[in-house]
Amino acid sequence: MSRADVCVIACAEAFRGDGEVLAAGIGGAITVLAARLARLTFEPDLLTSDGTCLLTGDVPELGAAPRTVEGWLPFRDHLWLVLHGRRHVMLSASQIDRHGNTNISCIGDWTRPKAQLLGVRGAPGNTLCNPTSYWIPRHSPRVFVERVDMISGLGTDRGAYDLRRVVTDLAVLDFDTPDGSMRLASVHPGVSVDDVVRATGFPLAVPGDVPQTRLPTAQELEVLRSLDPGGQRGKEVAA
Amino acid sequence: MKVMTVGDVVARLESGMTIGVGGWGSRRKPMALIEGILRSDLTDLTIVSYGGADVGLLCAAGKVRRVVAPFVTLDSIPLEPHFRKARQEGSIAFTEYDEGMFMFGLLAAAHRLPFLPTRAGLGSDVMRVNPELRTVSSPYSDEELVAVPALTMDVALIHLNRADARGNGQYLGPDPYFDDLYAKAARQTFVSCERVVDDLLKEGPLQSLLVSRAMVSGVVEAPGGAWFTSCEPDYPRDEDWQKRYTTTPWQEFIDEPR
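Overview of the structure.

About the criteria used
- Residues numbered from 1 in each chain as written.
- Chains lettered and ligands numbered in written order.
- Predicted model: local features only at pLDDT ≥ 70, side-chain atom pairs only at ≥ 80, totals over all residues.
- Heavy atoms only, no water.
- Helix = DSSP H or I, 4+ residues; strand = E, 2+ residues; numbered from the N terminus.
- Buried < 20%, exposed > 50% of the residue type's maximum accessible area, 1.4 Å probe, protein only.
- Contact = heavy atoms within 4.5 Å.
- Pairing = 2+ DSSP bridges.
- Axes fitted to C-alpha atoms, helices over the stretch in contact; angles between N-to-C directions.
- Salt bridge = Lys/Arg side-chain N within 4 Å of Asp/Glu carboxyl O.
- 1 Å grid on protein atoms, 1.4 Å probe; cavity = no way out; pocket = protein on both sides within 12 Å on 5 of 7 lines; lining within 4 Å.
- Points joined across faces, edges and corners; volume = space filled by probe spheres on them.
- Nonpolar A, V, L, I, M, F, W, Y, C, P; charged D, E, K, R; others polar.
- Parallel < 35°, antiparallel > 145°, perpendicular 65-115°, else oblique.
- Left-handed = near helix turned anticlockwise from the far one by under 90°.
- Buried area = accessible area lost by both parts, 1.4 Å probe.
- Polar contact = N/O pair within 3.5 Å; in protein donor to acceptor, adjacent residues only side chain to side chain.

**Overview of the overall build of chain A**
1) Next: A count of helical and extended segments in chain A gives six helices and 12 strands.
2) Next: With the principal axes as the frame, chain A shows a C-alpha extent of 45 × 40 × 35 Å.
3) Next: Per-residue burial for chain A yields a buried fraction of 59% across its 239 residues.
4) Next: Pairs at least 24 apart in sequence give 67% of the contacts found in chain A among residues at least 6 apart.

**Points about the sheet that holds strand E12 (residues 183-187) of chain A**
Residues and elements named next belong to chain A.
1) Next: As summarised here, the arrangement of the six strands in space is E1-E4-E9-E10-E11-E12, forming an open sheet in which the pairing is mixed. Strand pairing shows two members of the sheet lacking a second neighbour, strand E1 (22-25) and E12, which therefore form its edges. Taking each pair of neighbouring strands and ignoring which way they run, the sheet shows an average axis angle of 20°.
2) Next: Of the strands in this sheet, strand E4 (87-91), strand E9 (131-136), strand E10 (162-168) and strand E11 (171-174) are in contact with helix H1 (residues 3-13), which crosses E10 at around 175°.

**Remarks on the pattern of salt bridges**
Close approach of charged atoms allows side chains of opposite charge to pair.
Residue and element names in this part refer to chain A.
1) Next: Considering all chains together, one arrives at 28 salt bridges over all chains under this definition.
2) Next: Put simply, Asp-228 and Arg-233 hold a salt bridge, and the shortest N to O gap is 2.8 Å. Judged on exposure class, the residue Asp-228 and its partner Arg-233 are both buried.
3) Next: One salt-bridge network, held together by shared partners, links Glu-13, Arg-16, Arg-214 and Glu-220.

**Digging into the layout of surface pockets**
All names here are of chain B.
1) Next: Size it by volume and the second largest pocket reaches roughly 180 Å³.
2) Next: Forming the boundary of the second largest pocket are Thr-18, Thr-46, Val-48, Arg-66, Val-68, Thr-95, Tyr-97, Glu-132, Pro-149, Ala-150, Leu-151 and Thr-152.
3) Next: Every element with two or more residues in the lining of the second largest pocket is listed here: strand E2 (45-49) and strand E3 (64-69).
4) Next: The class makeup of the residues in the lining of the second largest pocket is six nonpolar, four polar and two charged.

**Description of the packing of helix H2 (residues 29-40) of chain A against helix H6 (residues 218-227) of chain A**
Residues and elements named next belong to chain A.
1) Next: Where H2 contacts H6, the axes come no closer than 10 Å and their chain directions differ by 130°. In this view, H2 runs oblique relative to H6, as classed from their interaxial angle. In this structure, the crossing between H2 and H6 has a hand that is right-handed. Between H2 and H6, the contacting residues are Leu-33, Arg-36, Leu-37 and Leu-40 on the first element and Glu-220, Val-223, Leu-224 and Leu-227 on the second.
2) Next: Residues of the contact of H2 with H6, tallied by class, amount to six nonpolar, no polar and two charged.

**Re the packing of helix H3 (residues 75-84) of chain A against helix H5 (residues 99-110) of chain B**
1) Next: Two numbers describe how H3 of chain A lies on H5 of chain B: the axes approach to 10 Å, and their chain directions differ by 115°. By crossing handedness, the relation of H3 of chain A to H5 of chain B is classed as left-handed. Contact residues: Arg-76, Leu-79, Trp-80 and Leu-83 of chain A in H3 of chain A; Glu-99, Gly-100, Met-103 and Phe-104 of chain B in H5 of chain B.

**Focus on the interface of chain B and chain A**
1) Next: Between chain B and chain A, the residue contacts involve 42 residues of the former and 33 residues of the latter.
2) Next: Across the interface of chain B and chain A, roughly 3,200 Å² is buried in total on both sides, 57% from carbon and sulfur atoms.
3) Next: The interface formed by chain B and chain A holds two salt bridges in total.
4) Next: Scanning the region where chain B abuts chain A turns up 22 residue pairs in polar contact (both at pLDDT 80 or more).
5) Next: The element contributing the most residues to the side of chain B that touches chain A is helix H4 (residues 81-89) of chain B, with five residues.

Any functional reading would require information beyond the geometric quantities listed.
Take a look at the structure:
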């Protein structure tokens, strides 16, 4: 069992209880595996896609074509679904603050950025209308900052619809505090609370007793191996 | 007859125009038409696009005054190097919208409405960096919504799989993107296509007829006209060439024979 396996399970847990909604993993192996594993195990009613516009009838391994297709979701309908809301999205972020405001647009002053990134993409609408979680593969003070440079995704203090959890290579964080600020929910095996605090550029709410992130079950590990026989998940997580 | 050449289309464009470009990211971009603009004297353009290499190429060639977009990306290569450079050097203006806001701007223009309301954008810095954006109160509740202005454009450029000589356009890939909306939002639309055919229904089903000739001013037969972006099912993205595009110095790249 690897750190990447733990991260996939922690991301999959974000979808627990979601029922018949689209589990949208944006980019990379971990979020896609999380949605597919959740559907194949504890959340069978989830909808998942092939990464383009097909809603798959079965749940294929990474990179494989589905055997059956149950729906069509071209970009125009995907943008409709975002506003409709029957969708839980797992986004990424170049910067995130203590209330979960995130930035994928640019670093520095927007008028003439030090580094232009993607642009806000769908982050404003996604976070305002959909349950949202984040997968951040490198937990560091450069990402976890006091203030983000261009608010793309909304935090709990700016009208986020429902910020569920932030999964990183070190820990799981949530916003289950009286003021909606970020809280350390669990640390991955081999990671200390201090490791997480040091890697976070703002004061983190730390409960007296921080549990360990749950380990994958034997059945989940088997599902993971079948979904990702090439081990792509390992390339996204250093440890 | 509406069948024309890339040069004919470019001759219909003027500096200072607002030009909408179809496709999405690095998918089905009208690259042959963009290439025509690169080699013209046109300048000072406003480009409205779910942006990809179209935006990057035009920025690198100094054709752009303003970009209107929710993102600029090459999909398999997340960041567009020439758009980044233009932004970081401050050589272009940028109107940055959320993806859903952008669609509502296209829908408003296509329906000849001044704006359409949406929630997307509220609370984000999109409202801060676009101080011209207004909100509107719902007349039926006390909700405040973003009034996304119509993305009107002088010209739209789109690339489709097939068209007929009268200007009807057809897509055969999995996603129409927003090309029909661009055609409806612009005063004039020029369609490039892989092949001009007589009978579109021999190529694909009724539902693949995306753009009506009533919206189209000219058709260019341009096989490979979306290359190096994807044009499914005719061809996938040329990943090797896209990589070359992002790693070769601009002058060297643009002088290279294609």
